[in-house]
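Topology and contacts: notes
Chain residues, written in single-letter form:
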Amino acid sequence: MNVLGIESSCDETAAAVVRDGREILSSVVQSQIDMHALYGGVVPELAGRAHIEAIVPVVDKALGQAGMKLDGVDGIAVTNTPGLVGALLVGVSMAKSLALATGKPLAGVDHIHGHIYAVKLAFPELEYPFVSLVVSGGHTSLYHSRSETRHDLLGSTTDDAAGEAFDKVAKILGLGFPGGPVIDRLAKGRDPARLAFARTLLEPTSLDFSFSGVKTSVLYHVRGQDGKKPRALGEAEVGDICAGFQEAVVDVLVEKTLRACARTGSKRVAVGGGVACNGRLREKLAAAGKGLGIATYFPPGRFCTDNAAMIAGLGYHLLREGKGSDLMLDVEPTKRTRV
Ligand code: KG4
Ligand code: ZN
């Protein structure tokens, strides 16, 4: 079964064709990052417009690279939650139009569940159940994943997402957008203990996150509490701030993930989303897990950041389980269901 996946929830227009939920026949990602970088973050209105321009060529390219036309597609999957409303609408409208025109079945896919499925695409041998940590620019959540389509939410951020904190700290330091990759790079070789920033763990049993405190502690360090401190930072100082900040975020992510493993009794952890590219997170979570007999699964970078292969792959399972959608499928910009 060939599923065409479409993703437009944030700043990447993506389409992919995946066979039987496993074999990636094509995966096209057109990023808008250069456009948003001018503003230091994603501008929702601009994202929506850019998706409109890109969606048809991107879908065409994905079909072409898979060596097929629409008649070779057996189902259509599209991200319909969560994300920017105007951005989601473009992908969903495209998918519904294609489903209407071709009569093929349609599935609405949860973007965060898609990030978890991306780990399965990279590691087909990974067995359910496992703990999933999804860390990206828009989300920071822990789940107990029981199957491709069943993910029980254990905790999520109460304010900023981890990637958002990386992006905002990079902005404070004048490092450009997106902040994660550059902070990751500048922190390398610096002492993460030289500057300690706030680690917010909330209540001892909590699996929720809070990253606004660490961001503010960096801001105060750089600008002073009254915002008047002149900002003249040397290269070494910037490196130390990056290392100290990154360490604070990583420590919280590791601690909460281990708590989730203890709570669920799970010995496997899947990590997805853009922040899963982070070198220090990979290093520290793998090492902490090893000591406790917990295996960690970090996919390669192209499976961590937004793509449509994860949407097509998960769409296959939804369609097979009879969890497809009709043409009334709507977008749901925010989704928070806790068990
Ligand atoms: O999953 P993604 O592509 O889009 C969302 O769904 O948000 O994640 C993008 C986020 C950005 O905030 C970016 O700064 C962060 O992932 N990111 C990183 C790294 N690479 C990307 N954060 C930390 N370290 C990295 N190496
Ligand atoms: Zn994402």
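Scroll up a little and you will see the structure.
The rules behind the values
Here the residue numbering is sequential within each chain, running from 1 through the sequence in written order. Chain letters start at A and ligand numbers start at 1, both assigned in the order the entries are written. At least 70 in pLDDT is required for a residue's local features to be given in this predicted model, at least 80 for side-chain atom pairs to be given and counted, and no such filter applies to totals for whole chains, interfaces and linings, which use all residues. Water and hydrogen atoms were dropped before computing side-chain values, which therefore reflect all heavy atoms in the structure. For Na, K and Ca the donor cut-off is 3.2 Å, while for other metals it is 2.8 Å, and in both cases only N, O and S atoms qualify; water is not among them, so sites may look incomplete. Note on geometry labels: four donors, all angles 85 to 135 degrees, give tetrahedral; four donors become square planar and six octahedral when opposite donors are over 155 degrees apart and every other angle is between 65 and 115; remaining cases are irregular. Under the DSSP-based scheme used, a helix requires at least four consecutive residues in state H or I and a strand at least two consecutive residues in state E, with every element numbered from the N terminus. Note on exposure labels: buried denotes an accessible area under 20% of the residue type's maximum, exposed denotes more than 50%, and partly exposed covers the range between, all computed with a 1.4 Å probe on protein chains only. As used in this record, nonpolar core signifies buried Ala, Val, Leu, Ile, Met, Phe, Trp, Tyr and Cys residues forming a set joined through side-chain atoms within 4.5 Å. Any two residues whose heavy atoms approach within 4.5 Å are treated as being in contact. Strand pairing is assigned whenever DSSP identifies at least 2 bridges connecting the two strands. Helix axes are fitted to C-alpha atoms over the stretch in contact, other axes to C-alpha atoms as well, and angles between N-to-C directions run from 0 to 180 degrees. Grid points spaced at 1 Å over the protein atoms alone were grouped into cavities, where a 1.4 Å probe fits but cannot get out, and pockets, open sets with protein on both sides within 12 Å along at least five of seven lines, with lining residues defined by an atom within 4 Å of a point. Grid points are joined across faces, edges and corners, and a volume is the space filled by probe spheres set on the points. Note on residue categories: nonpolar means Ala, Val, Leu, Ile, Met, Phe, Trp, Tyr, Cys or Pro, charged means Asp, Glu, Lys or Arg, and polar means any other residue, Gly included. Definition of a polar contact: a pair of N or O atoms within 3.5 Å, with one able to donate and the other able to accept a hydrogen when the atoms are protein atoms, and with sequence-neighbouring residues admitted only if both atoms are side-chain atoms.

1. Focus on the coordination of the zinc ion (ligand 2)
Around the zinc ion (ligand 2), the donor atoms from the protein are His 111 (NE2), His 115 (NE2) and Asp 306 (OD), and they sit 2.0 to 2.1 Å away. Around the zinc ion (ligand 2) sit four donor atoms, and with donor-metal-donor angles ranging over 94 to 144° the site reads as irregular. Site description for the zinc ion (ligand 2): donor spacing in sequence, H-x3-H-x190-D. A residue pair is termed long-range when its members are at least 10 positions apart, and His 111 in helix H4 (residues 111-122) and Asp 306 in the loop between helix H10 (301-304) and helix H11 (309-320) qualify at 195 residues. This pair shows no difference in class: His 111 is buried, exactly as Asp 306 is.

2. So, the nonpolar core
Here is a general trend for soluble globular proteins: nonpolar side chains tend to be buried in one another's company. Phe 211, Phe 245, Leu 253, Val 271 and Leu 281 are the most contacted members of the largest nonpolar core, which totals 44 residues. At the level of secondary structure, the elements contributing two or more residues to this core comprise strand E6 (130-135), helix H5 (162-172), helix H6 (179-187), helix H7 (212-223), helix H8 (235-264), strand E9 (268-272) and helix H9 (279-291). With 13 residues, H8 is the largest single contributor of residues to this core. Other than its neighbours up to four places away in sequence, Phe 211 contacts Thr 140, Thr 157, Asp 159, Asp 160, Ala 161, Ala 162, Ala 165, Val 249, Val 252 and Leu 253. Counting 26 residues, the second largest nonpolar core, distinct from the first, contains Leu 4, Ile 6, Ala 54 and Leu 98.

3. Here's the deal with the sheet that holds strand E10 (residues 295-297)
Spatially, the five strands line up as an open sheet ordered E8-E7-E6-E9-E10, and their pairing is mixed. Where the open sheet ends on each side, the last strands, each with one partner, are strand E8 (150-156) and E10. Ignoring strand direction, the axes of neighbouring strands in this sheet form an average angle of 25°. Summarising the sheet, strand E7 (residues 140-147) and E8 pair through six bridges and their orientation is antiparallel. Within E8, the position partnered with Tyr 143 by the bridge is Leu 153. Strands in contact with H4 are E6, E7, E8, E9 and E10; relative to E6, the strand with the most contacts, it is inclined by about 120°. This element, H8, spans E6, E7, E8 and E9 of the sheet and lies at about 155° to E6.

4. Points about the layout of surface pockets
One number sums up the size of the second largest pocket: a volume of about 160 Å³. Forming the walls of the second largest pocket are Asp 184, Ala 187, Lys 188, Gly 189, Arg 190, Pro 192, Ala 243, Gln 246, Glu 247, Gly 279, Arg 280 and Glu 283. For the lining of the second largest pocket, the secondary-structure elements that each account for two or more residues are H6, H8 and H9. The residue inventory of the lining of the second largest pocket, partitioned by class, reads three nonpolar, three polar and six charged.

5. Topic: the environment of Ser 26
You can see Ser 26 is positioned in strand E3 (residues 23-31). Under the relative-accessibility criterion, Ser 26 is labelled buried at 4%. Sequence-distant contacts of Ser 26, that is, excluding residues within four places in its chain, are made with Ala 16, Val 17, Ala 62, Gln 65 and Ala 66. A distance of 2.7 Å separates a polar atom in the side chain of Ser 26 from the backbone oxygen of Ala 62.

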